[in-house]
Amino acid sequence: MHDIKSMKREIPVFEVPDAFSKRATIAGMGVYNALCAEAEKDYEGFWARLARGNLFWSRPFTQALDESNAPFYRWFGDGQLNASYNCLDRNLQTGNGDKAAILFEADDGALTRVTYRELHAKVCRFANALKSLGVSGGDRVVIYLPMSIEGVVAMQACARIGAIHSVVFGGFSAKALQERIADLGAVLLITADEQMRAGKVLPLKSIADEALTMGGCESVRHVVVYRRTGNRIEWIENRDRWMHEISASQPETCEAEPVDAEHPLFVLYTSGSTGRPKGVQHSTAGYLLWAMLTMQWTFDIKPEDVFWCTADIGWITGHTYIAYGPLAAGATQIMFEGVPTYPNAGRFWEMISRHRVSIFYTAPTAIRSLIKAADANPQVRPSRYDLTSLRLLGTVGEPINPDTWQWYHHHIGSDRCPIVDTFWQTETGGHMIAPLPGATPLVPGSCTLPLPGIMASVVDESGQALPDGSGGILAIRRPWPSMIRTIWGDPERFRQSYFPAELGGNLYLAGDGAIRDKDNGYFTITGRIDDVLNVSGHRMGTMEIESALVAHPLVAEAAVVGRADEVTGEAICAFVVLKRECPLGGEARQLAGDLRKWVGEQIGPIAKPKDIRFGDNLPKTRSGKIMRRLLRSLAKGETITQDVSTLENPAILEQLGEAF
Ligand code: WT7
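Residues numbered from 1 in each chain as written. Predicted model: local features only at pLDDT ≥ 70, side-chain atom pairs only at ≥ 80, totals over all residues. Heavy atoms only, no water.

Asks: Whenever I open this one, the site of the ligand confuses me. Can you help?
Replies: In the neighbourhood of the ligand, 17 residues make up the surrounding shell, with Asp421, Thr426, Asp512, Arg528 and Arg539 lying closest. At 2.8 Å, a backbone N or O of Thr422 approaches a nitrogen atom of the ligand. At 2.4 Å, a side-chain N or O of Asp512 approaches an oxygen atom of the ligand. Its free accessible area being 550 Å², the ligand has 94% of it covered by the protein chains. For the shell around the ligand, the secondary structure elements donating two or more residues are α11 (316–328), β20 (419–422) and β25 (523–528). Split into classes, the residues belonging to the shell around the ligand amount to 6 nonpolar, 6 polar and 5 charged. (Near = heavy atom within 4 Å. Polar contact = N/O pair within 3.5 Å; in protein donor to acceptor, adjacent residues only side chain to side chain. Areas by Shrake-Rupley, 256 points an atom, 1.4 Å probe, with all protein chains shown as cover. Helix = DSSP H or I, 4+ residues; strand = E, 2+ residues; numbered from the N terminus. Nonpolar A, V, L, I, M, F, W, Y, C, P; charged D, E, K, R; others polar.)

Structure below.
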């Protein structure tokens, strides 16, 4: 594990604005403390009350939590419900039928609006179409779609019939898609003809076709294609179907299939420090409950809000805070196909103004790149846009540095809107540590306090709680409803990754370092303590990138580390040993370009290393272990002052210093 340092900085505190707390769902620390005390006193009773009050159950549960087979916890185990019913039908019953559910703005600005009634009909039609293709409860459906209303329809339609969806981010390569399809034994793949991104066309269907010819995908019976651009694509008769054609003839109602509370709602792959990406399996009831509650608590959602989460549905944020949470909460939300810098870096601010967005949720990396753009080009400065509709801002995905936080607060929030810095993970299903905007005084750079019912601690390597003020490992002491249930097909890996025996076997290990403030108990996340990188809020295992590099015919060995980057948070730096002589100058540049392209094909463009450095060898100890600590210093451009006496081959350090 890396060094865990403790940090102490003098940073201002931002009190909750009165106007905000007056109307807030959690109006003040008194309400927060009361909820925490309730959870502390009767943990199961607390969750049972919330689950009864927030979800519609087809069959009520009698037991909230079953810990008999820990860490394979079961929540609300004997209850039954349907997630799509809770997101759609319930809104028709409560008078939200004609309310806008999604306003979708395409890359070119074209707007599509669907009401809850229309979304319900679309989901029902498509659910019927899936059934007509033989998809049934428990089947896995892989969704490889661009940001679109159809993406949400596909997810909701799976949930409606009890099929398990797995969304693969549209930026992933054919190989990454193939691995996920094969791991799941999926029966159906839903994709689009093409994807639009910043005015450019990306060929999704042809990548999907390629994935299906790579082997291991024989379980796929049909490919359903959403027509986005209408350009010509390859077509395989009998296998391929147009989404609009198979939906058109279907009835616009479809019974929502009640499933067990623990029925997997979806599997979403994420990176770990070792091995292949892990299929994180989430439940139906616990997951949906937390999606709903955090919409109310962290986002303080109100009927008149216009909510915009800028994440992609290919990541957990797009699942919880686009496809499920806002719908379960009956909110109106904005969905965006494009990128924040197209047609210019004022796009976010312009859209906030155009749609009168009141709650805006994005990633620190996006904010940092827009700060840079606004500095360079006065035309896209936020002050040029009407941002008065905003009342709450949020961030997610990586630590937000206090300067960026303060820029966001001042320039976007006019010093008026609270910022919720939400710490959570693919595995946690929803927010874990985050301010409650009507209660929690804010400290830039801190995600503040655990949400009610979340028992977070900072512990040492043996699982012992550390005193406040000293940095350690972030752990969660009790199971919570929306936690990961298992890794698809690999329960042992689930146990070892998240409930390591070294920590006693009953603490959930987040993989992050944290420090809890001595004075106010606020948490600050200090970053990953494993070999996982966070590049522009995208999570990647160093080993995955190393495996991709060594799969190249010329590469003998590779080691990947992260280095700090002003815009992307971390940047990928790869150290490569070739099977032939170490290249120099122009040849090295050429090869570095080839390797970047190769990694893009193996995983996806987001995994392309920023720096590539060649050497005759990697710095290793005499027992052959790569000294990553040294590589991290080299990546930063530091001169090595550390002790290198255990190093087998010190001369290598100089050679590896130069980036291509
Ligand atoms: C990792 C999880 C949560 C959805 C998006 C990312 C980092 C996430 C914060 C935050 C500091 C954060 C952690 C975490 N992270 N949010 N507010 N402050 N770090 O989900 O891909 O599963 O990544 O992102 O390192 O472990 P993910």
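Past the structure itself, the notes keep going.
Asks: Teacher, can you tell me more about the packing of helix α4 (residues 83–93) against helix α6 (residues 149–161) here?
Replies: Where α4 contacts α6, the axes come no closer than 7 Å and their chain directions differ by 115 degrees. Contact with α4, carried on its side by Ala83, Ser84, Tyr85, Cys87, Leu88 and Asp89, involves Gln156, Ala159 and Arg160 of α6 and no other residues of that element. In terms of residue class, the contact of α4 with α6 is built from 5 nonpolar, 2 polar and 2 charged. (Axes fitted to C-alpha atoms, helices over the stretch in contact; angles between N-to-C directions. Contact = heavy atoms within 4.5 Å.)

Asks: Is there a simple way to think about the nonpolar core in this case?
Replies: General note: in soluble globular proteins, nonpolar side chains tend to be found buried as a group. Phe76, Phe126 and Phe614 are the most contacted members of the largest nonpolar core, which has 180 residues in total. The contact partners of Phe76, leaving out residues within four places of it in the chain, are Trp47, Ala48, Ala51, Trp57, Phe61, Gln63, Ala64, Ala261, Ala285, Gly286, Leu289 and Pro481. Phe336, Ala366, Leu387 and Cys417 belong to the second largest nonpolar core, which has 30 residues in total. (Core = buried A, V, L, I, M, F, W, Y, C linked by side-chain atoms within 4.5 Å. Buried < 20%, exposed > 50% of the residue type's maximum accessible area, 1.4 Å probe, protein only.)

Asks: Sorry if this is basic, but what is going on with the UniProt feature "domain: AMP-dependent synthetase/ligase" (unreviewed entry) in the protein here?
Replies: The sites that UniProt annotates as "domain: AMP-dependent synthetase/ligase" (unreviewed entry) are residues 95–480. Split by type, residues 95–480 is 30% helix and 21% strand. Its first and last C-alpha atoms lie 32 Å apart. (UniProt positions renumbered as here; feature names shortened; annotations may be inferred.)

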